[in-house]
Every structure is written in structure tokens, then in C-alpha cells.
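# An overview of the molecular structure
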Amino acid sequence: MTQDELKQAVARAALRHVPNGAIIGVGTGSTVNFFIDALATLKDRVRGAVSSSERSTERLKAYGIPVLDLNAVDDLPVYVDGADEIDANGAMIKGGGGALTREKIIAEVAAQFVCIVDASKLVPVLGKFPLPVEVVPMARELVVRRLRALGGEPKLREGYVTDNGNVIVDVHGLAITEPRQVENTINQIPGVVTVGLFARRGADLALVGTAGGVEERSFR
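Attention in this report is confined to the structure presented alongside it. The model shown is predicted, which means the values in this text are computed figures rather than measured ones. (Residues numbered from 1 in each chain as written. Predicted model: local features only at pLDDT ≥ 70, side-chain atom pairs only at ≥ 80, totals over all residues. Heavy atoms only, no water.)

Moving on: the layout of surface pockets. In this model, the largest pocket occupies a volume close to 210 Å³. In terms of lining, the largest pocket is formed by 20 residues, of which the most central are Thr 28, Gly 29, Ser 30, Ala 83 and Asp 84. (1 Å grid on protein atoms, 1.4 Å probe; cavity = no way out; pocket = protein on both sides within 12 Å on 5 of 7 lines; lining within 4 Å. Points joined across faces, edges and corners; volume = space filled by probe spheres on them.)

There is a patch of nonpolar side chains on the surface, built from Val 136, Met 138 and Val 193 and spanning about 290 Å² of accessible area. Mapped onto the fold, Val 193 is located in strand E10 (residues 192-195). Relative accessible area serves as the criterion here: at 34%, Val 193 is assigned to the partly exposed category. (Patch = residues over 30% accessible without salt bridge, like charges linked within 9 Å, V, L, I, M, F, W, Y side chains within 5 Å. Areas by Shrake-Rupley, 256 points an atom, 1.4 Å probe, with all protein chains shown as cover. Salt bridge = Lys/Arg side-chain N within 4 Å of Asp/Glu carboxyl O. Helix = DSSP H or I, 4+ residues; strand = E, 2+ residues; numbered from the N terminus. Buried < 20%, exposed > 50% of the residue type's maximum accessible area, 1.4 Å probe, protein only.)

Before going further, it helps to examine the side chain of Asn 166. Within the secondary structure, Asn 166 is located in the loop between strand E8 (153-156) and strand E9 (167-172). When neighbours within four sequence positions are excluded, Asn 166 is seen to be in contact with Glu 134, Val 135, Val 136, Pro 137, Tyr 160, Val 161 and Val 193. (Contact = heavy atoms within 4.5 Å.)

So, on to the sheet that holds strand E12 (residues 205-210). Read from one edge to the other, the open sheet built from six strands follows the order E2-E1-E3-E6-E12-E13, with strand pairing classed as mixed. The open sheet has two free edges, formed respectively by strand E2 (46-51) and strand E13 (213-218), since each of these has just one partner strand. Here the average twist between neighbouring strands, direction ignored, is 25°. Bridge count for strand E1 (residues 22-26) against E2 is five bridges, and the pairing is parallel. By the bridge assignment, Ile 23 is partnered in E2 with Gly 48. (Pairing = 2+ DSSP bridges. Axes fitted to C-alpha atoms, helices over the stretch in contact; angles between N-to-C directions.)

Laid out in C-alpha cells, this is it:
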């Protein structure tokens, strides 16, 4: 199976975790695009979605799926999103698509986080994929210095501005053996909006696309 076929398989499998009549959280990225396409075939089953990015919002609306402001939603039973890396404990690196802050907010609200990935995203130790950090622009160089002191090689994502008007610094060369600790440490740097480590609030369930089919891995 091609990588796109694996992504399509986990996207379809995620529909089984969408409750009837619910408002659901929808993430960002290529695998989530397949999920939105699949969701459109059953759009009468959901009342609407809370979206983590302008790109996902546009795709949802194009299918006629209502997109709601999170502040107007009391209950979010499930959040479906991908990951750039995920480890054996459900900790993830996210933010390759730049939507890490809104993704983390929605994940915090959702009762269940369903992560949809192909098998290439499974890793024993996080950090081969550069760790995204969203930063207030005036704090860029301060944050870069602090990240370098932690042993990483931070690089500004050139020409990119987040939906929140901030910049992203991608940190290369980290081997993240203690994801929760690293998440807490980076979050404390003044000027950091969000770090793309999802360890304190990791995945509850991963749907993993493999050549043998979709595997379910529960972390909670």
C-alpha cells in the first residue's frame, strides 16, 4: 500500500470513533484531510466541528460541515488529528503543519484524542522530526538562545506565520527521552506560545496504518 492509501485507511477507521449527533474536534494535515473527506460521506451524523486551522476550516465548510468556535462548545467527545511522530506511550511531536497551538487547545478540551497515523510515524524516541515551537515574534532570538542551551539546533521556519500571527522555530537534533519534562521546560521560556510536544496531554488511542491493516493502540 502507498502512504496515501495507509492514511486513507486510518481516516476511514476513525469514523468508528465519531459519536452520532456530536460536535467533534478536527485537526490539521494530510492524514486529517483524508479524514475530513471521509467525514463528509457521513456529515449528517455530526452537528459540527471545531477546527484547529484555517485550512481544515475551509475544507470542512466546503463539504457543508458547520465549523464552531470552541468557546461556544460545552462538550467535545473526540478530537481526531495526526502526528509527525508518536512513541510507545502516546506522546507526540506535532506542528509540522504549523497549527500546534490550536491543536493543543482542542486536545485539552476533548474527552478522547484519537491519533491517526501511518506506521512511519511510530518512533522509539521522539526528536528525529524537528520539534516545532510557536514563538511571539519579538522573543524569537531569546527563545532561540534558550533552545540552543537545551542542546538543540533551532532554525526559524522562513516565510511562515501561524494562524495566530506568530513565528515557528523548528528545533533539530534533540533526542527526547523525557517528553513531559522537555515540554514543561520549553513552555516556561518567555515568549513561547506552545511547544509541539504532546506528552502531558498525549493520545488516548492511535489508529496506525500498516501493510496488514489498521492497528489500534490504546494508551489510556
